[in-house]
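An overview of the molecular structure
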Amino acid sequence: MKPNVFIDRNVSSEVEAYLAQYCTVDKWEESSPIPREILLKKLENAEGLLTAGTQVDAELIENAPRLKAVSSISVGYNHFDLDAMRENGIIGTHTPHVLDDTVADLALALMLGTARRVAELDRYVKEGQWKAGIGNTWFGQDVHHAKLGIIGMGRIGEAVARRARFGFDMDVAYFNRSRKPEAEAQLGVRYLSLNDLLAESDFIVMLAPLTTETNKLIGQEQFKLMKPTAIFINVSRGQTIDEAALIEALQAGTITAAGLDVFEQEPIPENHPFLTMNNVLTLPHIGSATEATRANMAMLAARNLVHALTGQTPTNTVAELR
Ligand code: DGY
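From a predicted model like this one, the values you see are computed outputs, not experimental measurements.

1. A closer look at a nonpolar patch on the surface
Together, Val-125, Trp-130, Ile-134 and Phe-139 make up a nonpolar patch on the protein surface, roughly 430 Å² of accessible area in all. The residue Phe-139 is located in the loop between helix H6 (118-126) and strand E6 (147-151) in this model.

Structural data, given as structure tokens:
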């Protein structure tokens, strides 16, 4: 008998057709997120779940007594309660590699967008303020030849470093749990302590995955170490920084600007201070959101799920559950 699988969001017909070859598929058809109570009901008989950001915790597992595998269409898996999954023998998979270049492109877009004030100046033109040459109050900062500090030197960090070093002649440093001698040799990047990296960099890009060690890794003390001209970019998870401390640093001029794809609460609440701050570029968590990359991620996640449910070892089981 084919295993029952539930898909809790929209995926392409190709992904669904692939899954249907091996599994009995049920899915959430609406474009709005599935309400939690409906999801829990849907999981009563499911052996597999294909998801993205859904919290997979003790409550969900309790409501899904037959659940064997959860496959996430994301590289980050901070929505997995790893202890609860381990205790219940549930396989968890994610989609690394296929999104590295796409997320790296977005980090560069945020660096360029904040440094050259692209969103602000777009508004300036569209609001009819462009009557003569712009005054120096609208000047931005150079990205080329500036100093970049990358926090979290995984595959995406290396892809950002490659672009920065060879595309923009930047001086690239990184901070990571462990040194990366190969990346240092191939990309000409320097290892620095976190504090030195914060103090030296013109651009700081946060790429560390969200874990108990990286939760609020960058707070008031760390923002104070940065240059007043520094631009802070976050394409990791909102919780890796203390958002209140970032707001304060931007308002006080402790740093110059921020480019953010991720937030403590997503979608960002309507009255959030970032929404009225001109020196903050805000994006709706689109790091991997290109047609091609999201299609590749969804198909990879579907394959991971089929492997997990048909007795094969999925290539992309998350490290902590291997
Ligand atoms: C992921 O896959 O975890 C990224 O946040 C997508 O943008």
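Next comes the rest of the account.
2. Quick word on the sheet that holds strand E8 (residues 190-191)
Read from one edge of the open sheet, seven strands run E8-E7-E6-E9-E10-E11-E12, paired in parallel fashion. Of all strands in the sheet, those bounded by a partner on one side alone are E8 and strand E12 (280-282). Strand direction decides the pairing type here: E6 and strand E9 (residues 203-206), joined by four bridges, are parallel. Residue Ile-151 lies in a different strand from E9, and its bridge partner there is Met-206. Along the sheet face, helix H5 (residues 100-115) touches E6, E9, strand E10 (231-234), strand E11 (257-260) and E12 and points at about 150° away from the line of E10. Packing against the sheet, helix H7 (residues 155-168) makes contact with E6 and strand E7 (171-175), and its axis sits at approximately 175° to E6.

3. With respect to the layout of surface pockets
Considering only enclosed or pocket space, the second largest pocket measures out at about 190 Å³ in volume. Contributing elements (two or more residues each) for the lining of the second largest pocket: H5, H6 and E12. For the lining of the second largest pocket, the class distribution of residues is eight nonpolar, seven polar and two charged.

4. Considering helix H11 (residues 243-252)
Within the sequence span of H11, burial applies to Glu-243, Ala-245, Leu-246, Ile-247, Ala-249 and Leu-250. Of the surrounding elements, those touching the buried residues of H11 are helix H10 (220-225), E10, E11 and E12. Its side-chain oxygen 3.2 Å from the backbone nitrogen of Ala-244, Asp-242 forms the N-cap of H11. Trailing H11 by a residue or two, Gly-253 shows a phi angle of about 75°, which is positive.

5. A word on the UniProt feature "domain: D-isomer specific 2-hydroxyacid dehydrogenase catalytic" (unreviewed entry) in the chain
As annotated in UniProt, the feature "domain: D-isomer specific 2-hydroxyacid dehydrogenase catalytic" (unreviewed entry) corresponds to residues 6-318 in the numbering used here. Secondary structure content for residues 6-318 is 37% helix and 14% strand, while the C-alpha to C-alpha distance between its ends is 20 Å.

6. Notes on the pairing of strand E3 (residues 48-51)
Side chains of E3 alternate between two faces, with Gly-48 and Leu-50 and Leu-49 and Thr-51 buried alike. Taken together, the three bridges between strand E1 (residues 4-7) and E3 define a ladder with parallel strand orientation. Of the residues in E3, the one forming a bridge with Val-5 is Gly-48. The sheet contact formed by E3 and strand E4 (residues 69-72) spans four bridges and is parallel.

Definitions and cut-offs
- Residues numbered from 1 in each chain as written.
- Predicted model: local features only at pLDDT ≥ 70, side-chain atom pairs only at ≥ 80, totals over all residues.
- Heavy atoms only, no water.
- Patch = residues over 30% accessible without salt bridge, like charges linked within 9 Å, V, L, I, M, F, W, Y side chains within 5 Å.
- Areas by Shrake-Rupley, 256 points an atom, 1.4 Å probe, with all protein chains shown as cover.
- Salt bridge = Lys/Arg side-chain N within 4 Å of Asp/Glu carboxyl O.
- Helix = DSSP H or I, 4+ residues; strand = E, 2+ residues; numbered from the N terminus.
- Pairing = 2+ DSSP bridges.
- Contact = heavy atoms within 4.5 Å.
- Axes fitted to C-alpha atoms, helices over the stretch in contact; angles between N-to-C directions.
- 1 Å grid on protein atoms, 1.4 Å probe; cavity = no way out; pocket = protein on both sides within 12 Å on 5 of 7 lines; lining within 4 Å.
- Points joined across faces, edges and corners; volume = space filled by probe spheres on them.
- Nonpolar A, V, L, I, M, F, W, Y, C, P; charged D, E, K, R; others polar.
- Buried < 20%, exposed > 50% of the residue type's maximum accessible area, 1.4 Å probe, protein only.
- Polar contact = N/O pair within 3.5 Å; in protein donor to acceptor, adjacent residues only side chain to side chain.
- UniProt positions renumbered as here; feature names shortened; annotations may be inferred.

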